[in-house]
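The chain contents come next:
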Protein chains: 2
Amino acid sequence: MARKIQPAERCDCDVIHEDTVNQVREKMPQEENLYDLAELFKVFGDSTRIKILWALDEAEMCVCDIAFLLNMTQSAISHQLRVLKQAELVKSRREGKIVFYSLEDEHVKQIFDQGLIHILEERK
Amino acid sequence: MARKIQPAERCDCDVIHEDTVNQVREKMPQEENLYDLAELFKVFGDSTRIKILWALDEAEMCVCDIAFLLNMTQSAISHQLRVLKQAELVKSRREGKIVFYSLEDEHVKQIFDQGLIHILEERK
DNA sequence: TGTATACTTGAACAGTTATTCATATGTTTT
DNA sequence: AAAACATATGAATAACTGTTCAAGTATACA
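Residues numbered from 1 in each chain as written. Chains lettered and ligands numbered in written order. Predicted model: local features only at pLDDT ≥ 70, side-chain atom pairs only at ≥ 80, totals over all residues. Heavy atoms only, no water.

Identification of chain A as Cadmium resistance transcriptional regulatory protein CadC homolog from Petrocella atlantisensis is taken from an unreviewed UniProt entry.

Colleague: What am I meant to see in the pattern of salt bridges here?
Modeller: Pairing of side chains with opposite charge becomes possible as their charged atoms draw close. All names here are of chain B. All told, the structure shown has 12 salt bridges over all chains when counted by the stated rule. Taking the shortest distance from any N to any O, the salt bridge between E39 and K42 comes out at 3.0 Å. With E39 and K42 both in helix α2 (residues 31–44) and three residues apart, the pair spans about one turn of that helix. Relative accessible area serves as the criterion here: at 30%, E39 is assigned to the partly exposed category. Among the ionic pairs, K109 bridges to D57, the shortest N-O distance being 3.1 Å. With K109 in helix α6 (residues 108–122) and D57 in helix α3 (residues 47–58), the pair connects residues that are 52 residues apart, well separated along the chain. (Salt bridge = Lys/Arg side-chain N within 4 Å of Asp/Glu carboxyl O. Helix = DSSP H or I, 4+ residues; strand = E, 2+ residues; numbered from the N terminus. Buried < 20%, exposed > 50% of the residue type's maximum accessible area, 1.4 Å probe, protein only.)

Colleague: What should I look at first to understand unusual backbone geometry in this one?
Modeller: The bulk of non-glycine residues show a negative phi, and the bulk of peptide bonds are trans. Unusually for a residue other than glycine, N71 of chain A sits at a positive phi of about 55°. You can see N71 of chain A is positioned in the loop between α4 (63–70) and α5 (74–86). Residue N71 of chain A is classed as partly exposed on the basis of its relative accessible area of 44%. Its identity as a non-glycine residue notwithstanding, E88 of chain B has a phi of 60°, on the positive side. Residue position: E88 of chain B is located in the loop between α5 (74–86) and β2 (90–95). With a relative accessible area of 37%, E88 of chain B lands in the partly exposed category.

Laid out in structure tokens, this is it:
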């Protein structure tokens, strides 16, 4: 199963376990899905956004409530809510001057819980 | 339940739903856990690392295998493996010149699967 | 109509990050 | 010992990101 490596290939080494690579390659999900998955986790990869999502899992809240809760400016929160909305993680509804935000997707909490399991395991 | 807002508070608005805020505040996890959770998701928030983890879920692989599979330089992969190792997501074992990497934590896949559910739901 | 309020938005800035390049380390083989 | 090879690492760079600041909307109410 040995094979000449083409110059175009970038891994800078001669000996690879081609069987393994081919076997893994077959099982890899579509590039697009992996990319989108990374984009989703990127949204989760900020403690402000994590806090907002966690808060909204408890109750629907207006921008000002969230800003007060997290002790941050209303502008900063608003910017982050836009990111969360673009990721279809939160939705909003206006009631007069006030805009209430809530979770769009109920299994966000499940993803967080899985993450926490990892974190708490790490601390053992 | 109305209350005067202190100048130190940053949310730039007068009317907050204090009951809601207090109720949510009680249920929020420790700051430290939320921060660590964000750090974990930050590691997942890069498609190269997602691909590496997904690949290692299928099989133990050496650096060169991964570089070849993903068509990236061995150096780039090595840098990312260091990040994954620091996050205690992968472990390595040396066999002569070759260093094999594998998953450290078996429920990474479960977190990914939850994420995929969200992504596929979004596309409906 | 004008003012106050809740929120949004664009630009700017500082801080972070992924990859590249060059070089170093550790192991095997000759 | 030296050469070859797999991997690691430090520095540099370009791209990205979160917050702030200074406006801008949209709604309610006097």
